[in-house]
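Below, each chain spelled out in residue letters.
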Amino acid sequence: MNTKPFVYGMSVEGEHFTDRELETKRLKLNFENGINSILISPRRMGKTSLVKKVMGMIDDAQLKVVYMDIYKCRTEFDFYDKFASTIIKATATKLDTMVENAKKFITSITPKISFSPDLNADFTLSLGIDKNRNSAEEILNLPEKIAQERGIHIVVCIDEFQQIGEIPNSISVQRAMRSVWQHQQNVSYCLFGSKQHLMANIFYSRKMPFYQFGDMFFLKRIPTDKWVPFITLRFAQTGKRISDKLAENICVTVENYSAYVQQLAWNVLAVSGERVTNESFNDGLEATLAQVIPLFVEQTANLTTYQLNLLRAIVAGTHRDFGKKKTTSVYELGTRSNIPKIIKALTEREIIETNENGIFIADPLFKLWFKREMM
Ligand SMILES: Nc1ncnc2c1ncn2[C@@H]1O[C@H](COP(=O)(O)OP(=O)(O)OP(=O)(O)O)[C@@H](O)[C@H]1O
Ligand SMILES: [Mg+2]
């Protein structure tokens with residue numbers, strides 16, 4: 001079986017990965033030099049893929065990179081459990097040293113290893129960390145203790161880090177993390193996630209514990225001139241031909257959002273013959289929209305008229321100063337003082353996003369659909 005020409009539901013590597021040369025270099029340098037990194041981008045732009053790529057490039061027995069995804073952590077102790085077990089798993093060289101290490105570095109726990117019935121699958125290490133017996137500080141210090149003992153440097157990569165902003169007592173947990181982590185000599189952190197408003201809350205405000213914790217970068221869109229050769233090559237490998245113009249069209253239509261570029265390219269490929277025509281491009285686009293529209297319908301089902309009107313104003317080209325007569329005479333938005341509330345609600349739903357140029361629709365296909373159906 002051939003490998004899939006386009007992949008869009010998971011992080012990508014190898015031939016499915018393109019560009020990101022600068023970001024790769026910078027992140028690798030940070031890993032090698034013990035510099036903390038913070039990586040933010042809109043959803044599905046390629047954070048996980050980038051971090052995993054850099055992890056795969058590190059070839060140094062003295063430098064151990066550990067990856068964890070904390071999306072499912074709902075409480076402080078969920079997080080400590082994930083944090084500790086991932087680090088123990090990744091730093092033990094043999095299975096039987098794992099339990100030993102766990103006991104050595106964390107007090108009063110009863111570690112258990114369990115295997116899933118599928119032999120190829122991973123095993124689970126459960127530590128039984130308990131808030132009555134274990135302290136936050138002890139767990140947060142675990143990588144430093146291991147790094148010291150083994151004479152190595154550890155980079156801890158935490159994916160979906162925005163979840164930390166959502167747990168109960170979030171700020172005091174963040175304070176504890178920062179105060180322990182900033183003193184560690186042999187451990188550095190790479191914290192990344194989407195939901196920009198949540199990541200921004202954690203990292204952008206002077207008042208917050210993680211303010212200026214590390215080298216912060218915002219993952220930009222992969223430019224069209226990098227995408228076009230990638231797309232045309234992938235088509236060619238399946239024996240089909242797409243013009244540069246139509247490959248460019250794929251990028252423009254989805255505003256270079258990484259996952260959408262691959263999803264649209266796949267749908268165009270699926271419906272086209274040997275040569276991609278304008279018709280097959282359009283059919284591919286309709287197929288893509290059909291896959292995402294149910295989600296948009298659900299996202300907008302409970303919006304108020306004012307909220308919908310603000311979206312209409314944005315789609316029509318207004319990106320700031322919504323309170324001005326020019327806008328309110330066309331789009332009823334309620335009282336002036338109501339506008340920030342509308343913006344907040346739509347931001348929390350991740351439908352809109354604020355950047356230095358104003359407020360924009362977060363998802364390019366949402367915008368396309370909204371323009372067609374809701375204006
Ligand atoms: N460097 C890349 N080259 C080509 N495609 C990419 C690249 N990075 C991301 N993609 C596309 O975007 C999709 C999502 O990538 P990834 O999961 O790394 O993004 P993410 O920012 O971590 O997403 P999420 O916000 O869901 O965590 C991939 O499946 C792929 O289609
Ligand atoms: Mg990700």
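Quick caveat: nothing in here was measured; it's all calculated off a predicted structure. Every chain is numbered independently, its residues counted from 1 as its sequence is written. Naming scheme: in the order in which they are written, chains are lettered from A and ligands are numbered from 1. With the structure being a predicted model, the display of local features is reserved for residues of pLDDT at least 70 and the display and counting of side-chain atom pairs for 80 or more, all residues being used for whole-chain, interface and lining totals. Based on all heavy atoms of the structure, the side-chain values leave hydrogens and waters out of the count.

Asks: Sorry if this is basic, but what is going on with helix 4 (residues 95-105) here?
Replies: It helps to recall that an α-helix has 3.6 residues per turn; residues three or four apart then point in one direction. With a 1.4 Å probe rolled over the protein chains alone, any residue whose accessible area is under 20% of its type maximum counts as buried; one over 50% counts as exposed, and the rest are partly exposed. Strands are runs of DSSP state E lasting at least 2 residues, helices are runs of H or I lasting at least 4, and numbering of each runs from the N terminus. Within helix 4, the full set of buried residues consists of Thr-97, Met-98, Asn-101, Ala-102 and Phe-105. Down the axis of helix 4, the smallest arc covering the buried residues is 140 degrees, so these residues share one side. Within helix 4, the exposed residues directed more than 90 degrees away from the buried face are Asp-96, Glu-100, Lys-103 and Lys-104. Should any heavy atoms of two residues lie within 4.5 Å, those residues are considered in contact. Against helix 3 (76-91), strand 3 (112-115), strand 4 (123-126), helix 5 (136-140) and helix 6 (142-150) lie the buried residues of helix 4. Working note: the arc is built from the helix axis to C-beta atom directions.

Asks: Honestly, the sheet that holds strand 7 (residues 215-218) in this entry has me stumped. Any pointers?
Replies: Pairing between sheet strands relies on hydrogen bonds along the backbone, with the strands arranged either parallel or antiparallel. Pairing between two strands is assigned when DSSP locates at least 2 bridges connecting them. Judged by pairing direction, the sheet is parallel, and its 5 strands sit side by side in the order 2-5-6-1-7 without closing on themselves. Sheet topology places strand 2 (63-69) and strand 7 at the edges, where each strand pairs with a single neighbour. Neighbour to neighbour, the strand axes of the sheet diverge by 15 degrees on average, direction disregarded. Where strand 1 (residues 37-40) meets strand 7, 4 bridges bridge the pair, whose relative direction is parallel. Looking at strand 7, one finds that Ser-37 is bridged to Asp-215. Note on method: axes are straight lines fitted to C-alpha atoms, helices fitted across the in-contact stretch only, with angles between N-to-C directions ranging 0 to 180 degrees.

Asks: Explain unusual backbone geometry here, please?
Replies: Only a minority of non-glycine residues have a phi that is not negative, and only a minority of peptide bonds are not trans. If you check the backbone angles, Lys-195 has positive phi at about 55 degrees while not being a glycine. Of note, Lys-195 is situated in the loop between strand 6 (187-193) and helix 8 (196-203). We note that Glu-350 has phi near 60 degrees; this positive angle belongs to a residue other than glycine. Here Glu-350 shows up in the loop between helix 15 (339-348) and strand 8 (352-355). In this structure Glu-350 comes out as partly exposed when scored by relative accessible area, which is 28%.

Asks: What am I meant to see in the domain arrangement of the protein chain here?
Replies: Once the domains are mapped, the protein chain shows domain 1 (20-218), domain 2 (224-298) and domain 3 (302-373). Taking only C-alpha atoms, the centre of domain 1 and the centre of domain 3 are 37 Å apart. In this complex, domain 1 contributes 5 residues to the contact, which on the side of domain 3 involves 4 residues. With both sides pooled, the region where domain 1 packs onto domain 3 buries about 360 Å², and carbon together with sulfur makes up 54% of that total. Throughout, buried area stands for the accessible area (probe radius 1.4 Å) lost by two parts on being put together, summed over both. Looking only at domain 1, the three residues that lose the most surface to domain 3 are Lys-195, Gln-196 and His-197, adding up to 80% of its buried area. Any pair of nitrogen or oxygen atoms within 3.5 Å is treated as a polar contact; in protein, a donor-acceptor pairing is required on top of that, and neighbouring residues in sequence qualify only through side-chain atoms on both sides. Between the two partners, domain 1 and domain 3, sit 0 residue pairs in polar contact (both at pLDDT 80 or more). All residues other than Ala, Val, Leu, Ile, Met, Phe, Trp, Tyr, Cys, Pro, Asp, Glu, Lys and Arg, Gly among them, are scored as polar; the first ten of these are nonpolar and the last four charged. For the side of domain 1 that touches domain 3, the class distribution of residues is 1 nonpolar, 2 polar and 2 charged. For the purposes of this description, domain bounds are those given by an automatic or database domain assignment.

Asks: Mind showing me how you'd approach the site of ligand 1 here?
Replies: We call a residue near a given molecule or strand whenever any one of its heavy atoms falls within 4 Å of it. Near ligand 1 lie 24 residues; those nearest to it are Val-7, Met-10, Lys-47, Ser-49 and Gln-262. In this structure, an oxygen atom belonging to ligand 1 sits 2.4 Å away from a main-chain N or O atom of Met-10. Within the side chain of Glu-160, an N or O atom sits 3.4 Å from an oxygen atom of ligand 1. For accessible areas, the Shrake-Rupley method is used with a probe of radius 1.4 Å. Any residue's cover is judged against the shown protein chains and nothing else. Bound to the protein, ligand 1 loses 97% of the 630 Å² it would expose on its own. Only protein atoms enter the 1 Å grid, on which a cavity is a set of points fitting a 1.4 Å probe that cannot get out and a pocket is an open set with protein on both sides within 12 Å along at least 5 of 7 lines, lining residues being those with an atom within 4 Å of a point. By definition, a pocket or cavity contains a molecule when more than half of the molecule's atoms lie within 2 Å of the pocket's grid points. A molecule is said to occupy a pocket when more than half its atoms come within 2 Å of that pocket's grid points, and by this definition ligand 1 occupies the second largest pocket. Those elements that place two or more of their residues in the shell around ligand 1 are helix 2 (47-57) and helix 11 (258-271). Here the shell around ligand 1 is composed, by residue class, of 9 nonpolar, 10 polar and 5 charged. Residues from two domains meet in the shell around ligand 1; each of domain 1 (20-218) and domain 2 (224-298) gives at least three.

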